[in-house]
Every structure is written in structure tokens, then in C-alpha cells.
Amino acid sequence: MFEAPGIPRPHYRALFQTLLDLPPEELRKSQQAADLSFLHQGITFTVYGNSEGTERVFPNDLLPRIIPHAEWGKIERGLAQRIAALNLFLEDIYHSGKILADGVVPKELVYSCRHFRREMRGLNIPRGIYVSICGTDLVRLPDGSFAVLEDNLRVPSGVSYMLANRKVLKKVFPTLFRDYGVCPVDHYAQALLATLRALSPPGSSARHEPTVVLLTPGVFNSAYFEHTFLAQQMGIELVEGRDLLVHDNLVYMRTTAGLRRVDVIYRRVDDDFLDPLCFQRDSSLGVPGLFNAYRAGNVGLANAIGTGVADDKAVYAYVPQIIRYYLAEDPILANVPTYMLTDQSQRNYVLEHLDQLVVKAVGESGGYGMLIGPQSTAEQREDFRRRIQAEPRNYIAQPTLSLSRAPCFLEGEAQARHVDLRPYILYGENMTLVPGGLTRVALRRGSLVVNSSQGGGSKDTWVLRA
Amino acid sequence: MNDRRETTMLSRVADSLYWMSRYLERAEHTARLIDVDLQLRLDHSPDAGSERWLGLLQALQVPAPEDGSLDAETLTHLLTLDRTNPSSIISCVAAARENLRQVREQCSSDMWEQLNRLFLQVKSTASSEAGLLDSYQFFRAVQDGAHLFQGVTDSTMSHGEGWHYIQLGRFVERTDAVARLIGAHFNRSPHPLDQAVESEEYLEWVALLKSCAAFQAYCKAHTAELRPLRVAEFLLLNPGFPHSVRFSVDRIHAALSAISELTERKAGQPVRIAGRLRATLSFSQIDEIMASGANAFVDSIRWQCSQAHTAIHQIYFDYSVESALVA
């Protein structure tokens, strides 16, 4: 927020002034009102491995994060480029595999990925779009530029908090909001619906308006609030696996008026659990026979099955090459430098510098399976050393980033906390990027982990009109 | 299969709305019953206590504690804040909320917020050190909360299929609860049917009416002179009073007819059962009913009510795939 101590960056000045003018009591009251409104609306998430009070309010911070128009323009172009390239990459590796034959991305890396689905080989999917909904994690580096930390190409979550935060902030700072000229985000749900409809199987639109449903693992899933919220905003049915059935390769939902055909499923269930006949057999969250219906082209899925291979953290290291290969352009957004632990010399370097680096398991998300070197104990480092040596393909390492910080209203005063940014990209008939995103905050002082499951919170993100 | 946007409702969702409504009605009923009972207790000699408790437990279909302890504090706790008792107020409100939580995109956000608030209120009473210090306040709050939820539901949710399942749940539960209460009362307090009740006994009859939220409405119709025959007629056959059995059955029939029309299904069974029940109540005379015994009559009503419940379940919530594909 500050360009030098005490001097706010230009676009933060009005906010800073408002804060100075407000009696702290005022702000505290607003925060309480906001917290209460989240509690009453039941905007909660679930923490796993904690039996008591598993339902928690997602902490929201009142002070918005502000992004000037020009900075956003670059983010927008960069993400559009990235998603286009990653989709071409997925289409390629599940068909002829040119990029692998040309040696740009090592074959072993793709085929050894836990999220590679051989069932998808040679399958043609609607519009060839594998990733329709993507949430990419960006961080702002010390030089002020944004870099991509992670691509989330499977079932990214958090967008409902972006919308909920905005609703609250508009109530708390109406004047400030208007004077700042903030781009709206409220059309997200409608854009999402259009994106999903674009995936409906050919021929279904002749029959009727495509029926889109949102498939949730159920009320115990950590993002259940979001599933209900999005379904309601789009006006589509929220279904569980047990509400759907497949007959003659057609998908139906069980309604009080009988069975009704389903054309597109926005699934918030992982690949593994989608179809017990095809993937994990003991899954009760999925729909038996769904994959066959998908293969027969009778139902659209968003995202497609097997997209996880492209957000594997080891494949991530190759995204710049992937962009150059398919689009013949230079990447607009930089990657964070990444050490491949399958490479002998890089591995040795990492093992010697574990106390300075961040190590991540390639297939994990949500802040699980991570080692943050500078904040780790010798014991944890030893543990990761053993794990890396046992399975080098399963880990990557990155330098510990000094994430940018933003002011948060904590303990009655503004305090700086580390933040990242997750914008949401939709890719159907067109590419849509809603101006804004979820700014996640590491609420614990000094912490670098922003995930909600690890004590993170969020704040509204204001992209300015001009 | 054409596009019937207005009427699409998942079976699971309908099931949840139905049960949400039943649980909330049950919580309200329990709160009112205990509230009335505690008030009445104040006018009684302390040693009449344990028998009253047994009656109350029976009316709520809660088994008496195994150790046989019947002191007021233990039993009030058992019926209100005890999570291990599935019929306690807190369990019912929690179950109602859990059902609504699973379908919250189907209801208005006002509805969800209202029910969630009621739940948080009950929960905070349960977790506070003081417990049920001010029990009157607590039972009032539960009843108010339930009423508020009904009002919010009626004025913010569109009166489509989902709303009808909510109606259905509420009135199925109510029919059963009120019928049970009447049966038990006439069993316990034999009194010449057409004579005004007096003194000590009077209070018992007031309590029966109050347990059905019917005392004021009865007085308006028949003055404060209570005759068992009139009380029975009022609670069983009055067409306009919302807690009477006949009123409830009328609502059940209306909801089922609406649902059957909206889903365009030939759902004969539930409508037929409800229609028969409705006819029975419309055309019965109270002296005939009482001649063959109030108990036999309410038992038959309760049995038909449970038949309707089963039929609803089989036709709308849990049908076989084969039967649906043929249709």
C-alpha cells in the first residue's frame, strides 16, 4: 500500500484519508456489523480434521485492496493468454501429444502425473475447452509486477466470497466506493451460466434450453456455501450425486415430476469421485455411468476430466514454454522460479537450502503439504528431505517470496498483512474475466499462508475504472 | 421432455423442505406444551408433579429417563436443550436448520437467516452457564421464531411447489400432534360431555386449549364456559381455526392437490387419502364421534395421516427408476 513509509501509493490516498478521518470506534462497529452479517447469512466454510465447530465464518477484512486500471489490463491480457495456451496444451496431450514429441515438455512429467487421465485420450469434448473455469493465484513481487504462483484448473473455489465481500463493502463504504469508480463484479453468475451453457452437447439446444446443474459433494464439503450460492445466483439446480442417474448413456435428475434430462454439469466434485464405475470405486459422491455419458457426448462437464495435469506444480514450471509453443508469444505474466527436484543438480541445491525455500507437493492444493523453509523447524525440514528423496517427482521448490502486504483492520487498528490475488477466468464462447477477484490475507502476523483452511481471510478487491 | 422450468424440483429437495417444516412445527409444539405446562404447574400442589411430567412426556412421545428421576430441572433440560434426545427443542431446531441448509438455494435468504438466527439463539441458551434461567422467555422466543419463519416464508418465497411441501410438512405434523393431544386428554380426564367443567379440572381443560393455541379463539366462539363436547368439536372440526385437525387436513389436501397439478403426475394415492380424511372431518358430527369414543376417532385420523405420509414419500421422493422411465 505504501511506496515509502507513511506515503501511500496514489490510488490508496483517498482510502487512507478516510481511515485517518474515521474514529476507530466507527470502523470497529462497521467490522462487527459485517461479521454479524456473515454469520447470519451463514457464509461459512468447513475445516477438515476438526470435529468441534467445523463450520466457521470466513474472516473478512473491511479494508479493500485497490488495483489501478492499467495494472489490471496487464493481468487480464496475461491470464487470457495463459488459459488459452493451457487449453491447447490439454487438447494436445490428450490427442496427438505434439508438444511431448517435440520435447518441449518431458513425456515422463505428463504421464507420471497423478491427475493425468488416460480415459480422456482421444476424446473430443465440446468446443475443445477443457478449462472453462479457472482461478489463478497471483502474487505481487517487490518490483511491483504480478507473477503467477499457481494455476487452479480443477475446481477452483472462492468466487462467492469475492461477491459477498463486495456486497458488504458497498454497505460499509458507500460514498468511498462511488467516488473511487470501482468496476462491478456482480455479473459473474450470469457470465458463468453463459459459459456453462456453451458446453451443452450439440442438438440439445434444438430440444429445449440446455439444463445446467451444479454437482456438489454435499453439505459437508468445505465450499458448500459457495455451491448453494452460485446455484441460486444462476437459478440452476444444486444436485448431489444421488440426485442424478444415467440410463442409456443419458444423464437424468430425479425430480418430483419424474426424471429430467441434464445437459451440462458444473461439477464441484474431484475427478476421482465423479464416477465409481470409472474412477474411485468406493465413491458415493459421484454418478455411476457418468463417464460413459460424457464419452458418448451426451453431457457437458465443466471443467473437463483430467485438467489437473496442467496445474501440476511441476508442469507449472513449463507454462512459459507452453505459451511460446502454442501461441508463439512471450508470456505476459511471469512465473515464479521453480526448482525441479527430478533434476539431480537442482535437487542437491534445494536439499542444501531447505531453510530458505518453500517446498510444495505437486498435486496438493489448499495450503496442505507445504514446507515454508524460513519458518520451519529442523524436524520438519528433515521430514521433507526424506520425502523429497523418496519421491522427487512429487515435489517442487520455490524461493520464499516476499508477498506484498496490504492494510487490514485487526485488533482495532490497521496492520499490514501478506496478501495474494485470485482472479476468476471464464472460458466458453468467449473469454470473460470479471474485474476483481478474491484477495486472500494471511491474518496471522508474519504468516505467508493465505489459505482459508490455514487461518487465512479475505478482503474485497477494487479494480478502478480509470 | 419439454422445459418445465417452474416446476422442476429435485426429490431430495422436496424431501428436505418437507422435513424441515415438520421439525420446526414439532419444536414450536413442544415449546408451547412445556410453556403451558409450567404455567399450570404453578397453580398445583407440588406433589402432583411426577404424574404431570409423565403425561407431558407421553404427549411428546419421549421415553421417561431410565433412572426414573422426574425432577423438573432434569426433565425440562431433557425436553429443551438435550442434544441426545432427538425430540428436544434444540434437536428439532437443529434438524430443521440442517434440512434447510441442504437446500438453502431453494428458499429465500430471509428464510434462511431467520431459521439460522433461531438456531443460534437456542444454541447460545444451551451453551450458556445459566441455562434455562428464564424459561418463559425461552419458550416464547422459540414460538416467536417459528411464527416469524412462517411469516417470512409466506411473504418472501414464491408459493410454488416448494412452498406446498413446506405447508404439507407443517400440517401433517400438526394434525398428528393435535390429534394425539386430544386423545390423551379425553383418556385422562373423563367428564360428562355436555356439562361445564369447574374448579381444579377447569385449569386442565384450559391447558389443553392453550396447548393448541386455542383458548382465546374458543372463548370467542363459546365463551369461557368450557364443555368437553364443545372443546372436542372446536379442536377437531372447526373449519377456520389454524390448529384444528380439520383445518390442518384441509391444508394437507390443498397442498397435495396443488403438487399433483404442478408435477403433472397421476399421483392418485396421496390425494385420495387426504380427500377421504377431509370428507370424514367435513361430514362428521361431534356427538357421533364421541359416542364411539374420541380415542378411536383420533387413532384412525393419525393412522390415515401416516398413510398419506408414506404415499407422498413413495410417489414424490423415492420412486423407482423403472416407473419414472415408463412415464
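In this convention, every chain numbers its residues from 1, walking through the sequence in written order. Following the order in which they are written, the chains are lettered starting with A and the ligands numbered starting with 1. Local features in this predicted model are restricted to residues whose pLDDT is 70 or higher, and side-chain atom pairs enter the listing and the counts only when it is 80 or higher, whereas totals over whole chains, interfaces and linings include all residues.

Enquirer: Which residues make up the overall build of chain A, and what values go with them?
Expert: Only runs of H or I of at least four residues qualify as helices and only runs of E of at least two qualify as strands under DSSP, and these elements are numbered from the N terminus. Assigned secondary structure in chain A consists of 16 helices and 25 strands. For chain A, the C-alpha atoms occupy an extent of roughly 65 × 60 × 50 Å along the three principal directions. Exposed residues have 12 or fewer other C-beta atoms within 10 Å of their own C-beta, buried residues have 20 or more, and partly exposed residues fall in between, where C-beta atoms are placed from the backbone. Relative to its 466 residues, chain A shows a buried fraction of 47%. Considering only contacts in chain A between residues 6 or more positions apart, those separated by 24 or more positions represent 68%. Whether two residues are in contact is decided by their C-beta atoms, placed from the backbone, lying within 7 Å.

Enquirer: Could you give me a rundown of the interface of chain A and chain B, with the residues and numbers involved?
Expert: Listed as interface residues are 26 residues of chain A and, on the opposing side, 29 residues of chain B. Listing elements by their share of the side of chain A that touches chain B, those giving two or more residues are α2 (24-41), α10 (224-234), β9 (237-239), β10 (244-247), β11 (250-255) and β12 (258-261) of chain A. When residues of the side of chain A that touches chain B are assigned to their parent elements, the largest contribution, 4 residues, is made by β12(A).

Enquirer: Could you give me a rundown of the domain arrangement of chain A, with the residues and numbers involved?
Expert: Segmentation into domains, and thus their bounds, comes from an automatic or database assignment. For chain A, the assigned domains read domain 1 (65-163 + 184-335 + 421-463) and domain 2 (339-399). Domain 1 of chain A and domain 2 of chain A are separated by 27 Å when their C-alpha centres are compared.

Enquirer: So what's going on with the confidence of the model for chain B? Residues and values would help.
Expert: All names here are of chain B. A score between 0 and 100, pLDDT records how confident the predictor is in each residue. Taken as a whole, chain B shows an average pLDDT of 88; of its residues, 94% reach a score of 70 or greater. The weakest mean pLDDT in chain B belongs to helix α15 (residues 321-326) at 72; the strongest belongs to helix α4 (residues 89-101) at 95. For this predicted complex, the interface score ipTM comes out at 0.78, while the overall pTM is 0.82.

Enquirer: Just give me the short version of the sheet that holds β12(A), but keep the residues and values in it.
Expert: All names here are of chain A. We call two strands paired when DSSP finds no fewer than two bridges between them. Across the sheet, which stays open at both edges, the 3 strands sit in the order β10-β11-β12 with antiparallel pairing between neighbours. Each edge of the sheet is formed by a strand with only one pairing partner; in this case those strands are β10 and β12. Put simply, the sheet's adjacent strands are angled 40° from each other on average, direction ignored. Taken together, the 4 bridges between β11 and β12 define a ladder with antiparallel strand orientation. Note that in β12 the partner of methionine 253 across the bridge is arginine 260. Axis geometry follows a simple rule: fit a line to the C-alpha atoms, using only the stretch in contact for helices, then measure angles between N-to-C directions, giving values from 0 to 180 degrees.

Enquirer: Outline the domain arrangement of chain B, supporting the account with residue identities and numerical values.
Expert: Residue and element names in this part refer to chain B. By the assigned domains, chain B splits into domain 1 (11-157) and domain 2 (159-327). The C-alpha-based centres of domain 1 and domain 2 are spaced at 21 Å. With 23 residues of domain 1 at the interface, the matching set in domain 2 holds 22 residues. Of all elements in the fold, only α1 (11-42) and α2 (49-59) reach the threshold of two or more residues within the side of domain 1 that touches domain 2. Here the side of domain 1 that touches domain 2 gets 16 residues from one element, more than from any other, and that element is α1. Residues belonging to the side of domain 1 that touches domain 2 are distributed by class as follows: 10 nonpolar, 7 polar and 6 charged. In this count, Pro and Cys sit with the nonpolar residues alongside Ala, Val, Leu, Ile, Met, Phe, Trp and Tyr, while Asp, Glu, Lys and Arg are called charged and the others, Gly among them, polar.

Enquirer: Break down the packing of α1(B) against helix α6 (residues 135-156) of chain B for me, citing the residues and quoting the values.
Expert: Residues and elements named next belong to chain B. One can describe the packing of α1 onto α6 by two numbers: an axis separation of 9 Å at closest approach and a directional angle of 150°. In terms of their interaxial angle, α1 and α6 are classed as roughly antiparallel. Here α1 runs over α6; the crossing is left-handed. Between α1 and α6, the residues in contact are Leu24, Ala27, Glu28, Ala31, Arg32, Ile34, Asp35 and Leu38 and Ser135, Phe139, Val142, Gln143, Ala146 and Phe149, respectively. For the contact of α1 with α6, the residue count by class is 9 nonpolar, 2 polar and 3 charged. Note that the term roughly parallel is reserved for angles under 35 degrees, roughly antiparallel for angles over 145, roughly perpendicular for angles of 65 to 115, and oblique for everything else. What makes a crossing left-handed is the near helix being turned counterclockwise from the far one by less than a right angle; a clockwise turn instead makes it right-handed.

Enquirer: Tell me about the pairing of strand β19 (residues 395-399) of chain A, and please be specific about residues and values.
Expert: All names here are of chain A. With 4 of its 5 residues buried, β19 lies for the most part within the structure. Relative to β19, strand β17 (residues 357-361) runs antiparallel, the two sharing 5 bridges. Note on β19: the bridge partner recorded for valine 359 is alanine 397.

Enquirer: Mind laying out the environment of Gly144(A), listing which residues take part and the relevant values?
Expert: Residues and elements named next belong to chain A. Summarising the element assignment, glycine 144 is placed in the loop between β6 (133-140) and β7 (146-152). Accessibility expressed as a C-beta count within 10 Å gives 10 for glycine 144, which makes it exposed. Along the chain, glycine 144 and serine 404 lie 260 residues apart, while their C-alpha atoms are 8.5 Å from each other.

Enquirer: Lay out the nonpolar core with the relevant residues and their values.
Expert: All names here are of chain B. By convention the nonpolar core is taken to be a set of buried residues drawn from Ala, Val, Leu, Ile, Met, Phe, Trp, Tyr and Cys and joined through C-beta atoms within 7 Å. By size, the foremost hydrophobic cluster in this structure holds 221 residues, and its most contacted members are Ala27, Ile182 and Leu235. Of the residues forming this core, the biggest block, 13 residues, is contributed by α1. Contact partners of alanine 27, with chain neighbours within four places excluded, come to Ile89, Cys92, Val93, Ala96, Val142 and Ala146.

Enquirer: Help me get a handle on the environment of Gln389(A), residues and values and all.
Expert: Residues and elements named next belong to chain A. Positionally, glutamine 389 belongs in helix α16 (residues 378-390). A count of 12 C-beta atoms within 10 Å places glutamine 389 in the exposed class. For glutamine 389 and histidine 353, which are 36 residues apart along the polypeptide, the C-alpha to C-alpha distance reads 14 Å.

Enquirer: Please provide a residue-by-residue account of the sheet that holds β17(A), values included.
Expert: All names here are of chain A. Reading across from one edge, β16-β19-β17-β18 is the order of the 4 strands in this open sheet, with antiparallel pairing throughout. Unpaired on one side and paired on the other, β16 (339-340) and β18 (370-372) mark the two borders of the sheet. Judged from the 2 bridges that link them, β16 and β19 form a sheet pairing that is antiparallel. Residue pairing across strands places methionine 340 opposite isoleucine 396, the latter belonging to β19. The sheet strands contacting α16 are β17, β18 and β19, and the helix crosses β18 at an angle near 130°.

Enquirer: An account of unusual backbone geometry is needed here, citing residue identities and associated values.
Expert: Leave glycine aside and you will find that most residues have negative phi; peptide bonds, for their part, are mostly trans. In this structure, Asn303(A) follows Ala302(A) across a cis peptide bond, with omega equal to -10°. Mapped onto the elements, Asn303(A) comes out in the loop between β14 (300-302) and α13 (313-316). Backbone geometry at Gln61(B) places phi at a positive 55°, although glycine is not the residue there. Position of Gln61(B) relative to the elements: it lies in the loop between α2 and α3 (72-80). Unusually for a residue other than glycine, Ala213(B) sits at a positive phi of about 55°. Tracing the backbone through its elements, the reader meets Ala213(B) in the loop between α8 (199-211) and α9 (215-222).

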